[in-house]
Amino acid sequence: MSDNIINNIKIVVEKKLEGEGSGHDWWHIFRVWNLAKHLADLENADQQVVELAALLHDIADWKFHDGDESAGPREARRCLDQAGADPVITDHVCEIVATISYKGAGVATPMKTLEGQVVQDADRLDAIGAVGIARTFAYGGHKDRLMYHPDEKPHMHQSFEEYKKNSGHTINHFYEKLLLLKDRMNTSEAKKMAEERHRFMQQYLDQFFLEWDGKA
Ligand code: NI
């Protein structure tokens, strides 16, 4: 029964996000789903809630709905109702979808349940490291942003409203979000994995600036 619902939701999400071009495509969901299953195993979290939340976490992201934060949980609920999911599970999954997003350097985003912490970690792991770098530039290109501008310094957003309006160049995004994620992981396995991915991003940035200045 529960496997059927997961498979059903997987098909809906894959169909909806397959041609997405901003780094929030089906393969992002697929990687987050896999990472979340791995973390849920280690943490003894509820697999069904974790898998459904991982699959549905970007089903209607605020970034693509004019900043509307309620679009994600609303669409997730519609999919789960249609698939015949248990209402208690549906409520739990929708709460995770509603609270998972990064909202700026100065804004805390605590997750209430272990399952939420696991899915948030998985999503944040996919935002950093080699894959995270690729996704960040894909997103910047999608939004017509400059790769880099030496005169525009990073901005540590103190509210979600401020963060949503941000339109700076892509290298700033490393300082405004990606390099901060390592210290915001919830589970011990994610913290370990994040260390490695963080190191890789720092190396990447060192090389980027050397090449920018023609020194490498
Ligand atoms: Ni995501």
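Predicted model, so just to flag it, every value in this text is computed and none were measured.

### Some remarks on the environment of Ala194
Residue position: Ala194 is located in helix α10 (residues 188-212). The buried category is assigned to Ala194, whose relative accessible area is 0%. Put simply, Ala194 and Leu181 are 13 residues apart on the chain and 7.9 Å apart in space, counted from C-alpha to C-alpha. The residues touching Ala194, leaving out its near neighbours within four places in the chain, are Leu125, Ile128, Lys182 and Met185.

### Some points on the nonpolar core
Core analysis: the largest hydrophobic core is formed by 59 residues, its most contacted members being Ile9, Leu56 and Val93. With residues up to four places along the chain from it excluded, the contact list for Val93 reads Val49, Leu52, Ala53, Leu56 and Leu80.

### Some points on empty space enclosed by the protein
Inspection of the entire model under this criterion finds 1 cavity of 30 Å³ or more. The volume enclosed by the largest cavity comes to roughly 70 Å³. Around the largest cavity, the lining residues are Thr136, Tyr139, Gly140, Arg145, Asn166, Gly168, His169, Thr170 and His173. Looking at the lining of the largest cavity, the elements that each hand over two or more residues are α7 (129-142) and α9 (170-176). Broken down by element, the residue count for the lining of the largest cavity peaks at 3 residues, all from α7. Residues of the lining of the largest cavity, tallied by class, amount to 1 nonpolar, 7 polar and 1 charged.

### With respect to the environment of Gln47
Along the chain, Gln47 falls in helix α3 (residues 47-56). By relative accessible area, Gln47 is classed as partly exposed at 27%. Put simply, Gln47 and Phe208 are 161 residues apart on the chain and 40 Å apart in space, counted from C-alpha to C-alpha. Contacts of Gln47, omitting those with residues within four sequence positions, involve Lys37, Ala40 and Asp41.

Conventions we followed
Residues numbered from 1 in each chain as written. Predicted model: local features only at pLDDT ≥ 70, side-chain atom pairs only at ≥ 80, totals over all residues. Heavy atoms only, no water. Helix = DSSP H or I, 4+ residues; strand = E, 2+ residues; numbered from the N terminus. Buried < 20%, exposed > 50% of the residue type's maximum accessible area, 1.4 Å probe, protein only. Contact = heavy atoms within 4.5 Å. Core = buried A, V, L, I, M, F, W, Y, C linked by side-chain atoms within 4.5 Å. 1 Å grid on protein atoms, 1.4 Å probe; cavity = no way out; pocket = protein on both sides within 12 Å on 5 of 7 lines; lining within 4 Å. Points joined across faces, edges and corners; volume = space filled by probe spheres on them. Nonpolar A, V, L, I, M, F, W, Y, C, P; charged D, E, K, R; others polar.

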